[in-house]
Amino acid sequence: SGKWGRAEALVRELEEQCGTPIAKLRQVADAMEVEMHAGLASQAPTRLQMLITFVHNLPSGDEKGLYYALDLGGTNFRTLRVHLGGKEKGVVKLESEEVSIPPQLMTGSSQELFDFIAAQLAKFVSSEPEELHPPPGRQRELGFTFSFPVKQTSIASGNLIKWTKGFNIEDVVGQDVVGELTKALQRIGLDMRVAALVNDTVGTVARARFSDQDVIAGVILGTGTNAAYVESAHAIPKWQGLLPKSGEMVINMEWGNFSSSHLPLTEYDQALDADSLNPGEQIFEKIISGMYLGDIVRRVLLKMAEEADFFGDTVPPKLRIPFILRTPDMSKMHHDTTPDLKEVGKKLKDILEINNTSLKMRKIVVEVCEIVAARGARLSAAGVFGILKKIGRDKVKAGEKQKSVVALDGGLFEHYTKFRSSLESTIKVLLGDEAAETVSIEHFNDGSGIGAALLAASNSHYL
Ligand code: ADP
Ligand code: MG
């Protein structure tokens, strides 16, 4: 009937507009590389900020002791206590507490947010047994993972450039977030020193280096997306300081803000962007990351309901509610292996209040999930390939057996199996058989938190 024909046509159109053939991915990777050069050269704002992190000594594996971390960067907030045991023992013990950030705090005031964080941390510390208390005269030391764009002024200070991922607290923009945290710690009477300010991508690089010296980059695919990598210090024209002894510097790319005419964008992406807290910004992030994928699917289904009566004569009202369809639910539908797509039916019913869906309808819903997820995964692969190209790790050099490890973390990568396997297989295709042998993608769980504790250790006052 006309209804199915129109719905089919909308899906085919989506598929075409979201298409990511390998040639296009190569263009995206090349554009990424060009923007990386621009961001490394210019002091003025560029699309990729290529932020200098002041991390030039990555963990050797020898780090030992008890350190803390705070991980703030998305939907949840975590406090961690990490017992590092050096080469032999690795991460001896990891204890953490997680709370979700009350939505009103994400758009409230600086003091409210940082008091909330400090209170959680105080609670975490107060429940410690006596034997974990630091000896007299020694402060607890903390790595603060703060996963928003920050212009660092040292390893333990930096000013917020802008919020992303649904946060918008105006009075923090431009402020030193370590200063804000330290004031909140003082207000609550918690004696703790912030020894390192760390982006989650940088934490992931540090965490991974602790276990594997071949690590060259870290990528987060969670609520948002971003990447950091190890750059050679002389390839950073905008760096004004002394060249670090190691000859290296970790660069926080802030790749979520990447954009290019080569990106396959649709009307749904344009509408999502226009309705967002940060229109025109974070375009790469908005087509890849967990905060947005489910909502892109929702927008497609809404259009199908409106223009093809896909779910019946009326448009299901819940379909109009932004972000009602979350990426974990999309993932659940996408992975449904039941013959009658029972899970898809259940999600449509429970979340969108769409009852009595036919198998044919459910199949089309899965197809929409597949198109949107595959685009995100393949573009992430292009981003990784762009980094490898930038540092010359995309090809095997004659006579060299240089291995490269890219550390991945984040809920999207961890839990969305089809996204992850598409990302992994696409990187292999982009590299080709020979180079693919030398590059591996590895998941480092809790990378951002453990990495921050590691960087607190290497920047401790007590070394
Ligand atoms: P954050 O990025 O907020 O620091 P995480 O790395 O834990 O936190 O990522 C959380 C995000 O991962 C969620 O916002 C969600 O989009 C995505 N996610 C979590 N679970 C799943 C899942 N089962 N399937 C797909 N995506 C998921
Ligand atoms: Mg995180």
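Every chain is numbered independently, its residues counted from 1 as its sequence is written. The lettering of chains begins at A and the numbering of ligands begins at 1, in the order of writing. In view of the model being predicted, local features appear only for residues whose pLDDT reaches at least 70, and side-chain atom pairs are presented and counted only at 80 or more, with totals across whole chains, interfaces and linings using the full set of residues.

## A look at the overall build of the chain
Turning to step 1, where the next piece is worked out: A run of H or I in DSSP counts as a helix once it spans at least four residues, and a run of E counts as a strand once it spans at least two, with each numbered from the N terminus. Along the backbone of the chain there are 16 helices and 13 strands.
Turning to step 2, where the next piece is worked out: In terms of overall size, the chain behaves like a compact globule, its C-alpha atoms giving a radius of gyration of 23 Å where 463 residues would be expected to give roughly 23 Å.
Turning to step 3, where the next piece is worked out: Seen through its C-alpha atoms, the chain measures out along the principal axes to roughly 75 × 55 × 40 Å.
Turning to step 4, where the next piece is worked out: Residues with at least 20 neighbouring C-beta atoms inside 10 Å of their own are called buried, those with 12 or fewer are called exposed, and the rest are partly exposed, where every C-beta is derived from the backbone. Each of the 463 residues in the chain was classed as buried or not, and the buried ones make up 49%.
Turning to step 5, where the next piece is worked out: Partitioning the contacts of the chain with sequence separation of at least 6, the portion at a separation of at least 24 is 74%. As a reference, a globule follows 2.2 Å times the number of residues to the power 0.38, and the radius of gyration itself is taken over C-alpha atoms. Here, residues touch in the contact sense if the C-beta positions derived from the backbone fall within 7 Å of one another.

## Let's talk about unusual backbone geometry
Turning to step 1, where the next piece is worked out: The backbone of Phe54 sits at a positive phi, close to 65°, despite the residue not being glycine.
Turning to step 2, where the next piece is worked out: Within the secondary structure, Phe54 sits in the loop between strand E1 (51–52) and strand E2 (64–72).
Turning to step 3, where the next piece is worked out: Under the C-beta neighbour-count criterion, Phe54 is labelled buried, with 23 such atoms within 10 Å.
Turning to step 4, where the next piece is worked out: In this structure, Lys165 is a non-glycine residue whose phi angle is positive, near 55°.

## Notes on the UniProt feature "domain: Hexokinase N-terminal" (unreviewed entry) in the chain
Turning to step 1, where the next piece is worked out: In the numbering adopted here, UniProt assigns the feature "domain: Hexokinase N-terminal" (unreviewed entry) to residues 11–208.
Turning to step 2, where the next piece is worked out: The span residues 11–208 shows a helical share of 37% and a strand share of 27%, and its end C-alpha atoms are spaced 40 Å apart. UniProt positions are given in the numbering used here, feature names are shortened, and annotations may be inferred rather than shown by experiment.

## Here we look at the sheet that holds strand E12 (residues 404–409)
Sheet strands pair via backbone hydrogen bonds, and the direction of the pair is either parallel or antiparallel.
Turning to step 1, where the next piece is worked out: In short, DSSP must find at least two bridges between two strands for them to pair. With mixed pairing, the six strands of this open sheet are ordered in space as E1-E11-E10-E9-E12-E13. Taken across any chain shown, the strands that pair with only one partner, and hence form the sheet edges, are E1 and strand E13 (439–443).
Turning to step 2, where the next piece is worked out: Sheet topology note: the E1/strand E11 (residues 248–252) ladder contains two bridges and is antiparallel. Across the sheet, Leu51 pairs through a bridge with Asn252, a residue of E11.
Turning to step 3, where the next piece is worked out: On the sheet, helix H7 (residues 200–211) packs against strand E9 (215–221), strand E10 (225–232), E11, E12 and E13 and is oriented at approximately 135° with respect to E9. Only the contacting stretch of a helix is used when fitting its axis, a line to C-alpha atoms as for every element, and angles between N-to-C directions run 0 to 180 degrees.

## Details of the site of ligand 1
Turning to step 1, where the next piece is worked out: Around ligand 1 lies a shell of 16 residues, among which Gly74, Gly222, Gly290, Gly411 and His415 are the nearest.
Turning to step 2, where the next piece is worked out: Breaking the shell around ligand 1 down by element, the ones donating at least two residues are helix H10 (290–308), helix H11 (327–334) and helix H14 (411–415).
Turning to step 3, where the next piece is worked out: Three classes are used, and their members are as follows: Ala, Val, Leu, Ile, Met, Phe, Trp, Tyr, Cys and Pro are nonpolar, Asp, Glu, Lys and Arg are charged, and the others, Gly among them, are polar. Along the lines of polarity and charge, the residues of the shell around ligand 1 split into four nonpolar, twelve polar and no charged. By convention here, the C-beta atom is placed from the backbone, and a residue is near a molecule or strand when that atom is within 6 Å of it.

## A short note on the nonpolar core
Turning to step 1, where the next piece is worked out: In this structure, Phe144, Leu197, Val205 and Ala453 are the most contacted members of the largest nonpolar core, which totals 138 residues.
Turning to step 2, where the next piece is worked out: Excluding residues that lie within four positions of it along the chain, Ala453 makes contacts with Tyr67, Tyr68, Ala69, Leu80, Val82, Leu84 and Gly143. Each nonpolar core comprises buried Ala, Val, Leu, Ile, Met, Phe, Trp, Tyr and Cys residues, the members being joined through C-beta atoms within 7 Å.

## Things to note about the sheet that holds strand E8 (residues 192–198)
Turning to step 1, where the next piece is worked out: In space, the five strands of this open sheet follow the order E4-E3-E2-E5-E8, with mixed pairing throughout. Pairing within the sheet leaves two strands with one partner each, and these edge strands are strand E4 (91–100) and E8. Across the sheet, the mean angle separating the axes of adjacent strands is 20° when strand polarity is ignored.
Turning to step 2, where the next piece is worked out: Bridging between strand E3 (residues 76–85) and E4 involves nine bridges; their strand directions are antiparallel. Along E4, the bridge assignment pairs Arg78 with Glu98.
Turning to step 3, where the next piece is worked out: Lying on the sheet, helix H16 (residues 447–458) is in contact with E2, E3, E4, strand E5 (140–146) and E8; it crosses E2 at an angle near 130°.

## Some points on the confidence of the model for the chain
Turning to step 1, where the next piece is worked out: Summing up the model confidence of the chain, the mean pLDDT is 96 and the portion of residues at 70 or higher is 100%.
Turning to step 2, where the next piece is worked out: Across the whole predicted complex the pTM is 0.97, and at the interface the ipTM reaches 0.99. Note on scores: pLDDT gives the predictor's confidence for each residue, bounded by 0 and 100.

## Details of the environment of Met50
Turning to step 1, where the next piece is worked out: Along the chain, the position of Met50 falls in the loop between helix H2 (22–41) and E1.
Turning to step 2, where the next piece is worked out: Sequence separation of Met50 and Ile236 is 186 residues, and the distance between their C-alpha atoms is 9.3 Å.
Turning to step 3, where the next piece is worked out: In contact with Met50, other than residues within four places in its own chain, are Met36, Gly39, Leu40, Ile251 and Met253.

## What about the packing of helix H1 (residues 2–17) against H10?
Turning to step 1, where the next piece is worked out: Direction vectors running N to C along H1 and H10 enclose 150°, while the axes themselves pass 9 Å from each other. Seen along the crossing, H1 lies across H10 with a hand that is right-handed. For the pair H1 and H10, the contacting residues are Lys3, Arg6, Ala7, Leu10 and Leu14 in the first and Val300, Lys303, Met304, Glu307 and Ala308 in the second.
Turning to step 2, where the next piece is worked out: Its residues placed into classes, the contact of H1 with H10 shows six nonpolar, no polar and four charged. With the far helix as reference, a near helix turned anticlockwise by less than a right angle produces a left-handed crossing, and one turned clockwise produces a right-handed crossing.

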